[in-house]
Each structure stands twice: as structure tokens, then as C-alpha cells.
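Below, each chain spelled out in residue letters.
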Amino acid sequence: MNADPIIGIFDSGVGGLTVLKAIRSCLPEIPVVYYGDTAHMPYGDKSPDLIRSYTRRIVRFLVDRGASHIVIACNSASAVAGDIARQEAGSRVPVTDVVEPVVQEVAQRSRLHCVGIIGTRATIQSGIYQKHLAALRPDLDVRSLATPLLAPLVEEGFAGTPVAREVIRHYLKNELFRPIECLIPACTHYPFLFEDLNDFFWGRVTILDTPHIVAHAVQKQLSDRIVSRQNKQSESPVQVHFSMDTLSFRQLCRLFLGSDQEITESPLSSLPD
Ligand code: DGL
């Protein structure tokens, strides 16, 4: 088995950079290829068929660039296209989605009685979190709500502003969420809103750090394939591709990866179907 893996990560846009950052902090020696499908963002309002078609092409793109492990850093794609990603990656390239590690984490919190889930329409309507949690923790009271405006707000740079806080208030003042003790931000864009969400709940609700939960799952899965850190001198490179140039993608890439990070436009339309 290849002792020097390459991780391929993809998302519909900037949200997956939160997962990339968490993976880099656990596994700085592993090279990464990232694809942000900015041209088709938001995935959350697209049909499952469209999301599956984008996913298939992106997975092929990442595998062609040497990815030996794929991370679907997008909840909407994880919810409706995990099977197609695994099929496209083939048996030699494991695929980690963002749903399973979070479900496992929640299920093992035995003192938890009521959990809230927010995400895109695609994720919430798929029922994937609800189904998997019901299988592992049938006693858990699970409440879910689609919050489709939040990801575009983040993509447009509104996290941490009164606009974001007002939209959060509009969604979460819903009676449904009153008894929750823990919130699953089931969208890779939502970690940017962590402070705003925490302020809304006055710190009384545990908001899961989903990027780190996923990063630790990837670290565990790769543990037998990682060459000892002692043999590696510095951070491995990150290749960043996106399907359409957007200002927020460039800005957040620089913020997360440094101002000299190279970013390549690789439109999905030029990738084979
Ligand atoms: N990355 C998507 C997700 O985690 C959110 C943004 C979108 O709708 O594309 O579901």
C-alpha cells in the first residue's frame, strides 16, 4: 500500500477550507489537493442528480491528481452522493464523508438527550443525520431545520456581522430548538458562524466542532499509512483548484493558507463527464 498518501478534499466552495485547515493541523505532512466548486455553489438547493453529477467529476479530478484518500467536505454532497463518490473513487481509494464521524461523536455522548441539526435543504431533506442517529441512539430527541440562507451569507463574507446574526435569530428562535443541548452545524460553511451561533445561544448549547471531528476521523483512518513524522521536515504542499474565480474564495484561501498560496481555476465543465 502507498506509504505516502495524498488527501483529496472537495466542497461546493469555501466551506471545505475549514475541514482542510483542521486536517492540516492534524496531518501537516500529508499533501492535499482541494477542489472548491464555486461555479455551482450552493449545492444545498440543487437536485440530488445534479450534486451526484458534480461529485462524480470532482472525485475523478482528484483521483487523477493522485489523491489516495478522498474527503467529501460538503454535507450536501455527503448526504446525497456518498455512494457515487465511493463508486468513482474505486476500492483502492477510501472516501470519508462529513456525516458519519459526526454521527459517531454524537452517539457516544451518552448524557445527551436532545440535539439540533441545521444544514442546507439537500442535507436536511435527505434525512441522513436523522436516520443514522436513530439507528445508533434511538432514545435521542433529534430536531432538524433547513437554514438555506446561511451558506451564501458566509460565501459573501457576512459571517460575524449583524446581518448574519439577524438571519440566525430568524431561523433559530423557532420553538423547535428550545430544548436542544447540542447543535450539529451540518454544513461546512457554518464553522465561520461559530461565534454568531454561540452568541445566539448565550453559550448554553454545545456547538460541535465538526471540522476537527472529521479531521480526527481521517487521521485515524490514515494512521497505518503515514510515514513517521520524524522523516518529514516540513509541511507538505496544498494544491487548490476552484471551478470559478470568486473574490471570497481567493480571500479565504489566503487567510487560511497564506498569501502565496497558488489557486488554479479548473472549471468543472472542462472535466470529462
Ligand atoms: N458546502 C455545503 C454543505 O456543506 C453548503 C453550501 C452549499 O449549499 O453548497 O452542505
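Coordinates for the structure precede this section.
Cut-offs applied
- Residues numbered from 1 in each chain as written.
- Predicted model: local features only at pLDDT ≥ 70, side-chain atom pairs only at ≥ 80, totals over all residues.
- Heavy atoms only, no water.
- Helix = DSSP H or I, 4+ residues; strand = E, 2+ residues; numbered from the N terminus.
- Contact = heavy atoms within 4.5 Å.
- Salt bridge = Lys/Arg side-chain N within 4 Å of Asp/Glu carboxyl O.
- Near = heavy atom within 4 Å.
- Polar contact = N/O pair within 3.5 Å; in protein donor to acceptor, adjacent residues only side chain to side chain.
- 1 Å grid on protein atoms, 1.4 Å probe; cavity = no way out; pocket = protein on both sides within 12 Å on 5 of 7 lines; lining within 4 Å.
- Sits in = over half its atoms within 2 Å of the grid points.
- Nonpolar A, V, L, I, M, F, W, Y, C, P; charged D, E, K, R; others polar.
- Phe/Tyr/Trp six-rings, centres within 6.5 Å; stacked < 30°, edge-to-face > 60°.
- Lys NZ or Arg CZ within 6 Å of the ring centre and 35° of its normal.
- Pairing = 2+ DSSP bridges.
- Axes fitted to C-alpha atoms, helices over the stretch in contact; angles between N-to-C directions.
- Points joined across faces, edges and corners; volume = space filled by probe spheres on them.
- Buried < 20%, exposed > 50% of the residue type's maximum accessible area, 1.4 Å probe, protein only.
- Core = buried A, V, L, I, M, F, W, Y, C linked by side-chain atoms within 4.5 Å.

J.: Got a minute to help me understand the side chain of Ser-12 in this structure?
T.: Locating Ser-12 in the fold gives a position in the loop between β1 (7-11) and α1 (16-26). Leaving out residues up to four positions away in the same chain, Ser-12 has contacts with Gly-36, Asp-37, Thr-38, Met-41, Tyr-43, Cys-74 and His-189.

J.: Would you mind going over the pattern of salt bridges with me for this structure?
T.: Two side chains with opposite charge may pair up if their charged atoms get near one another. Applying the stated criterion to the full structure yields 11 salt bridges. Asp-45 serves as the salt-bridge partner of Arg-121, at 3.1 Å between the closest nitrogen and oxygen. In this pair, Arg-121 sits in helix α5 (residues 121-126) while Asp-45 sits in the loop between β2 (32-36) and α2 (48-64), placing the two residues 76 residues apart along the sequence. The salt bridge involving Glu-105 is made with Arg-109; its shortest N-O contact spans 2.9 Å.

J.: Would you mind showing me how to read the site of the ligand here?
T.: For the ligand, the set of nearby residues contains 14 residues, the closest of which are Asp-11, Ser-12, Tyr-43, Gly-44 and Ser-76. Asn-75 is positioned such that a nitrogen or oxygen atom in its backbone is 2.9 Å from an oxygen atom of the ligand. Here an oxygen atom of the ligand and a side-chain polar atom of Thr-188 are 2.9 Å apart. Assessed atom by atom at 2 Å from the grid points, the ligand resides in the largest cavity. Its residues assigned to classes, the shell around the ligand shows six nonpolar, seven polar and one charged.

J.: I'm lost on the packing of aromatic side chains in this one. Help?
T.: The geometry of two aromatic rings is summed up by the distance between their centres and the angle between their planes. Throughout the structure, instances matching the rule amount to six aromatic pairs. An angle of 80° between the planes, with centres 5.1 Å apart, marks the rings of Phe-200 and Phe-201 as edge-to-face. Grouping aromatic residues by their ring pairs yields a cluster made of Tyr-34, Phe-242 and Phe-249. Cation over ring: Lys-21 sits above Phe-256, and NZ or CZ is 5.3 Å from the ring centre.

J.: Sorry, what's going on with the sheet that holds strand β7 (residues 182-186) here?
T.: Note on sheets: strands pair through backbone hydrogen bonds, and any given pair is parallel or antiparallel. A sheet is described by the order of its strands in space; here four strands give the open sequence β6-β5-β7-β8, paired in parallel fashion. Each of the sheet's edge strands pairs with one partner strand only, and the pair in question is β6 (141-146) and β8 (206-207). Examined bridge by bridge, strand β5 (residues 114-119) and β6 share six bridges and lie parallel to one another. Considered in β6, the bridge of Gly-116 is made with Arg-143. Sitting on the sheet, helix α6 (residues 128-136) is in contact with β5, β6 and β7, with an inclination near 155° to β5.

J.: I would appreciate a short explanation of the layout of surface pockets in the present structure.
T.: Empty space left among the atoms is revealed by rolling a probe the size of a water molecule over them. There is about 310 Å³ of room inside the largest pocket. Every residue lining the largest pocket is counted, 14 residues in all, and those nearest its centre are Glu-100, Pro-101, Gln-104, Ile-213 and Ala-217. Those elements that place two or more of their residues in the lining of the largest pocket are β4 (95-97), α4 (99-107) and α10 (210-222). Among the elements that take part in the lining of the largest pocket, α10 stands out by supplying five residues, more than any other. Residue composition of the lining of the largest pocket, by class: four nonpolar, five polar and five charged.

J.: Just to check I follow, could you spell out the environment of Phe-61 for this structure?
T.: Tracing the chain through its elements places Phe-61 in helix α2. Phe-61 gets classed as buried once you look at its relative accessible area, which sits at 3%. In this structure, the C-alpha to C-alpha distance between Phe-61 and Ser-243, residues 182 residues apart in sequence, is 12 Å.

J.: Explanation requested: the nonpolar core in the structure shown.
T.: Most often, soluble globular proteins have nonpolar side chains that are buried together. In terms of nonpolar packing, the biggest core is built from 69 residues, with Ile-7 and Ile-184 touching the most fellow members. Residue contributions to this core peak at seven residues, all from helix α3 (residues 75-89). Once residues lying within four places of it in the same chain are set aside, the contact partners of Ile-184 are Val-102, Val-106, Val-115, Gly-116, Ile-117, Ile-118, Tyr-129, Leu-133 and Leu-208. Core analysis: the second largest hydrophobic core is formed by 23 residues, Leu-153, Leu-183, Cys-187 and Phe-201 among them.

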